[in-house]
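Descriptive analysis of the structure
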Amino acid sequence: MISIKNLHANVEDKQILKGLNLEIGPGEVHAIMGPNGAGKSTLGNVLSGRDGYEVTEGSVVLNGKDILEMEPEERAREGLFLAFQYPVEIPGVSNLEFLKASVDAVRAHQGKDALDSVQFLKLAREKCKAVNLDASFLKRGVNEGFSGGEKKRNELMQMMLLEPELCILDETDSGLDIDALQVVAEGVNAMRDPKRSFIVVTHYQRLLDYIVPDYVHVLANGRIVKSGGKELALELEEKGYGWLENSDNGAA
Amino acid sequence: MSSNAEIERRIGNDYQAGFVTNIESDTLAPGLDEDVVRFISAKKGEPEWLTEWRLKAFRAWQEMVEPDWAHVTYPKPDFQALSYYSAPKSMADKPKSLDEVDPELLATYEKLGIPLHEQMALAGVAVDAVFDSVSVATTFREKLAEAGVIFMPISEAVHEHPELVKKYLGSVVPQRDNFYAALNSAVFSDGSFVYIPKGVRCPMELSTYFRINEAKTGQFERTLIVADEGSHVSYLEGCTAPMRDENQLHAAVVELVAMDNAEIKYSTVQNWYPGDKEGKGGIYNFVTKRAVAHTNAKVSWTQVETGSAVTWKYPSCILKGDNSVGEFYSVALTNNFQQADTGTKMVHLGKNTRSTIISKGISAGKSQNAYRGLVRMNPNAEGARNYTQCDSLLIGDQCGAHTFPYIESKHPSAVVEHEATTSTVSDDQLFLCRQRGIDTEKAVSMIVNGFCKEVFKELPMEFAVEAGKLLEVSLEGSVG
């Protein structure tokens, strides 16, 4: 699915990722945990091609294609989806219009016909229901005046509509109460599929009670310093990150 | 699919109305003096009073100086180097019907998407087509006449309805109102005249399509709309010009009179040639538009300004009667080296008068975009209210947005509210769009259209779609 090798990346000339390696197979859910400032959000931004994140070394291959040379929209059309930690508002642009433009662009890339407006509206309403958002949200501006939980559910709805192959969830749990967290987790679980992979970036173990990962990795100082099964998350919950960071410092 | 293809097609093109019609024209030699004014008046066979009216304006103009307070810089036009009258030769003996109109002229309008043959025309929209200094054709005149509505070139109205023209011409914008209004009053060529009788709701949208074709000419059209008591009319104007290297002058005057309980809705889609990417050429658009609203009357200006090299324009409302309402909805977009100084004046004279100003300025490239607005509450304007919202959107880091609001309140009970915002198309917004597979051009156009939504919803349906597309074309190349 995706193969990340020796990835080095800078933000404003400061090195944040320092040789990250990660292999994710189809259908797998990988959790990335780690202390603040470890480079967790940087990983999602680098993979999705955000401006200002400069890759200095290494490779990222998605389904056999080198994506580092692609524009962000091309990566998205290749099936890479980033659920934002803080989704931005776009006043005046209706959610429906935005979603239609997005789905049209991805479908066109896949050589599929565009859905007509009626078909699309029906589909969008279904997805709203699935994430427990009222259909009236389709008419509102993209994230405009949405609460934190509504924004996250809106992200989830976009993910469901686009049916990406690789979903990166960037601290999706931040700012969510327990009910909203459950709705989001259920949505993600419903999308788990033998052909779809997930990178779940989180600071807390809590989210992983609901989205149970196949693998857990600890990111510290720009590298994966420890990998394990889901039980690693519990161990981190108990011990914190300090012991791993120290070991990494020793190694470096 | 089809809408995407349409966008692709439009993005791939520059200014689309930039072609020149090859047609033989009678064009007056450059220069301006009293003889030229008399010539124009004679050419149109005008009565004595109008010739004198023009001359009075000309004499006033000679003593005036060009205003320089607007936030625009440009080389002052040489008024003696311009030609003040140009008409296609084929229009010399007024064609009686469309069948007699030069096919080259009809083809010009078809190319611009304005079919003049009534069977092909947009149902429900009557069009007056003005080409340089003359009106080429006015559609649906008979049908409108059945409802008592007069819609004809002002040059004809002078002959057919002299009492109305004499009564209202210059009643809202006097001859010596300002430098360009005085010039227009002296040399105005053609334009539309509309009269809606008492209690009549105009059965269709009226529109005028202005086209400058000839080089080194100015266009000075004059529009006069009178809505008698309790009547209602919606009017739209569109403007285009060929791409030419030299600047061309357009100085129009529009006067609206809304009698008691009448309503006028006036929409403009202005797409004069804006000049090229280096700022060469383009139209100087110096326009005076003003309305007077009597008791309980309502006047609504909606404008989408995407063209012209320099724009200087303030569609205004004199809220004379009690309870009258004035509205101004504006989208002004500047790109490359365009400059715009535009806004409105709301002058509250009557009691309980209300006005709303919604202005959206979008600056891209190296352009400068200024909102200038006056809200004046006069001593008798008891209970008057104004709400102004003035938003600027910046695209890129080399353009400018400026806001010059003037507020004068002389009545303690008057309420004036002013809100202003300046924002940019943020990298975060663009990234969200791109991460969802939407390319940058499409994303910018979506964000800008969203920004303008409050204004677009005031436009008649089919023009709202057109305006959205126009923004898209005008923004081309604004994002690296």
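Please read all numbers here as calculations on a predicted model, not as lab measurements.

1. A word on the overall build of chain B
Across its full length, chain B holds 12 helices and 23 strands. Looking at chain B as a whole, 63% of its 480 residues qualify as buried. In chain B, the proportion of contacts linking residues at least 24 apart, taken out of those at least 6 apart, comes to 82%. Surface accessibility of chain B: about 17900 Å² in total, with carbon and sulfur atoms responsible for 50%.

2. Some thoughts on the interface of chain A and chain B
At the junction of the two partners, chain A supplies 35 residues and chain B supplies 20 residues. Together chain A and chain B conceal approximately 2200 Å² of surface at their shared face, both sides included; 60% is due to carbon and sulfur atoms. The interface formed by chain A and chain B contains 4 salt bridges. A salt bridge links A:Glu155 to B:Arg436; its shortest N-O distance comes to 2.7 Å. In this assembly, chain A and chain B are joined by 12 residue pairs in polar contact (both at pLDDT 80 or more). Breaking the side of chain A that touches chain B down by element, the ones donating at least two residues are helix 1 (40-48), helix 2 (72-77), strand 6 (80-83), strand 7 (90-94), helix 3 (95-109) and helix 5 (148-162) of chain A. The element that contributes the greatest number of residues to the side of chain A that touches chain B is helix 3 of chain A, accounting for 7 residues. Residue composition of the side of chain A that touches chain B, by class: 18 nonpolar, 8 polar and 9 charged.

3. A word on the UniProt feature "domain: SUF system FeS cluster assembly SufBD N-terminal" (unreviewed entry) in chain B
According to UniProt, the "domain: SUF system FeS cluster assembly SufBD N-terminal" (unreviewed entry) feature falls on residues 142-202 of chain B. Strand forms 15% of residues 142-202 of chain B and helix 46%; the C-alpha atoms that close the span are 13 Å apart.

4. A word on the packing of aromatic side chains
All names here are of chain B. On inspection of all chains with the given rule, the structure shows 22 aromatic pairs over all chains. Judged by centre distance (6.3 Å) and plane angle (85 degrees), the rings of Phe286 and Trp312 are edge-to-face. Of this pair, Phe286 sits in strand 13 (residues 282-293) while Trp312 sits in strand 15 (residues 310-313), and the two are 26 residues apart along the sequence. Side by side, Phe286 and Trp312 carry an identical accessibility label, which is buried. Here the aromatic rings of Trp312 and Tyr314 are separated by 5.7 Å at their centres, their planes lie at 80 degrees, and the arrangement is edge-to-face. The class for Tyr314 is buried, based on a relative accessible area of 10%. An aromatic cluster is built from Phe58, Trp61, Trp69, Tyr74, Phe79, Phe179, Tyr180, Tyr284, Phe286, Trp312 and Tyr314, whose rings are joined through pairwise contacts. Above the face of the Tyr74 ring, Lys76 is positioned so that its terminal group lies 4.4 Å from the ring centre. One Lys or Arg, Lys360, reaches over the ring of Phe451 and ends 5.0 Å from the middle of that ring.

5. Side note on helix 8 (residues 179-187) of chain B
Residues and elements named next belong to chain B. Counted residue by residue, helix 8 has 9 buried out of 9 residues, so it is predominantly covered. Looking at helix 8, one finds that the buried residues are Phe179, Tyr180, Ala181, Ala182, Leu183, Asn184, Ser185, Ala186 and Val187. A side-chain oxygen of the first residue of helix 8 lies 3.0 Å from the backbone nitrogen of Tyr180; this N-cap is Asn178.

6. Details of the nonpolar core
In this structure, A:Ile4, A:Phe98, B:Ile362 and B:Val448 are the most contacted members of the largest nonpolar core, which totals 62 residues. Of the residues forming this core, the biggest block, 6 residues, is contributed by helix 10 (residues 440-451) of chain B. With residues up to four places along the chain from it excluded, the contact list for A:Ile4 reads A:Leu20, A:Asn21, A:Leu22, A:Glu23, A:Leu43, A:Leu47, A:Ser59 and A:Val60. Core analysis: the second largest hydrophobic core is formed by 44 residues, A:Met159, A:Leu162, A:Cys167 and A:Val218 among them.

7. Observations concerning the sheet that holds strand 5 (residues 65-66) of chain A
Residues and elements named next belong to chain A. If you trace the 4 strands from one edge of the open sheet to the other, you get 2-1-4-5, paired in antiparallel fashion. At either margin of the open sheet sits one strand with a lone partner, and together these are strand 2 (14-24) and strand 5. With 8 bridges connecting them, strand 1 (residues 2-11) and strand 4 (residues 53-62) associate as antiparallel partners. For Ala9, the partnering residue across the bridge sits in strand 4 and is Val55. Strands in contact with helix 1 are strand 1, strand 2 and strand 4; relative to strand 1, the strand with the most contacts, it is inclined by about 105 degrees.

8. Comments concerning unusual backbone geometry
Residues and elements named next belong to chain B. In this model, Asn261 sits at a positive phi of 60 degrees, which is unusual for a non-glycine residue. Tracing the backbone through its elements, the reader meets Asn261 in the loop between strand 11 (253-258) and strand 12 (263-270). Of the residues examined, Asn261 reaches a relative accessible area of 47% and is grouped as partly exposed.

9. Quick look at the confidence of the model for chain A
All names here are of chain A. Residue-level pLDDT values for chain A average 91, and 97% of them are 70 or greater. Of all helices and strands in chain A, the one with the weakest mean pLDDT is helix 9 (residues 242-251) (58), whereas strand 6 scores best (97). The model gives residues 248-252 a pLDDT under 50, and that stretch makes 4 contacts with residues more than four places away or in other chains.

10. Side note on the pattern of salt bridges
Under the defined criterion, the tally for this structure stands at 26 salt bridges over all chains. Here A:Lys40 ties to A:Glu171 by a salt bridge, and the two come within 3.6 Å at their closest N and O atoms. One end of the pair, A:Lys40, is in helix 1; the other, A:Glu171, is in the loop between strand 9 (166-170) and helix 6 (178-191), with 131 residues separating them in the sequence. The salt bridge involving B:Arg372 is made with B:Asp341; its shortest N-O contact spans 2.7 Å. Taken together, the residues B:Arg372 in strand 20 (residues 368-377) and B:Asp341 in strand 18 (residues 339-348) connect sequence positions 31 residues apart. For the pair B:Arg372 and B:Asp341, a shared accessibility class is recorded, and that class is buried.

11. Observations regarding the environment of A:Met191
Residue and element names in this part refer to chain A. Take Met191: it is sitting in helix 6. In this structure, the C-alpha to C-alpha distance between Met191 and Ala105, residues 86 residues apart in sequence, is 21 Å. Not counting the four nearest positions on each side in its chain, Met191 is found in contact with Met159, Met160, Pro164, Arg196 and Phe198.

12. Let's talk about the pairing of strand 9 of chain A
Consecutive side chains along a regular strand alternate between the two faces of the sheet. All names here are of chain A. A large share of strand 9 lies buried, amounting to 5 of its 5 residues. Covered by surrounding structure in strand 9 are Leu166, Ile168 and Asp170 together with Cys167 and Leu169, the residues of both alternating faces. Pairing between strand 6 and strand 9: 4 bridges, direction parallel. For Phe81, the partnering residue across the bridge sits in strand 9 and is Cys167.

13. Focus: the packing of helix 3 of chain A against helix 5 of chain A
Residues and elements named next belong to chain A. Relative orientation of the contacting elements helix 3 and helix 5 amounts to 35 degrees, with a least axis distance of 10 Å. For the crossing formed where helix 3 meets helix 5, the hand is right-handed. Of the residues in helix 5, those in contact with Asn95, Phe98, Leu99, Ser102, Val103 and Val106 of helix 3 are Asn154, Met157, Gln158, Leu161 and Leu162. When the residues that make up the contact of helix 3 with helix 5 are grouped by side-chain class, the tally is 7 nonpolar, 4 polar and no charged.

The rules we used
Residues numbered from 1 in each chain as written. Chains lettered and ligands numbered in written order. Predicted model: local features only at pLDDT ≥ 70, side-chain atom pairs only at ≥ 80, totals over all residues. Heavy atoms only, no water. Helix = DSSP H or I, 4+ residues; strand = E, 2+ residues; numbered from the N terminus. Buried < 20%, exposed > 50% of the residue type's maximum accessible area, 1.4 Å probe, protein only. Contact = heavy atoms within 4.5 Å. Areas by Shrake-Rupley, 256 points an atom, 1.4 Å probe, with all protein chains shown as cover. Buried area = accessible area lost by both parts, 1.4 Å probe. Salt bridge = Lys/Arg side-chain N within 4 Å of Asp/Glu carboxyl O. Polar contact = N/O pair within 3.5 Å; in protein donor to acceptor, adjacent residues only side chain to side chain. Nonpolar A, V, L, I, M, F, W, Y, C, P; charged D, E, K, R; others polar. UniProt positions renumbered as here; feature names shortened; annotations may be inferred. Phe/Tyr/Trp six-rings, centres within 6.5 Å; stacked < 30°, edge-to-face > 60°. Lys NZ or Arg CZ within 6 Å of the ring centre and 35° of its normal. Core = buried A, V, L, I, M, F, W, Y, C linked by side-chain atoms within 4.5 Å. Pairing = 2+ DSSP bridges. Axes fitted to C-alpha atoms, helices over the stretch in contact; angles between N-to-C directions. pLDDT = per-residue confidence, 0-100. Left-handed = near helix turned anticlockwise from the far one by under 90°.

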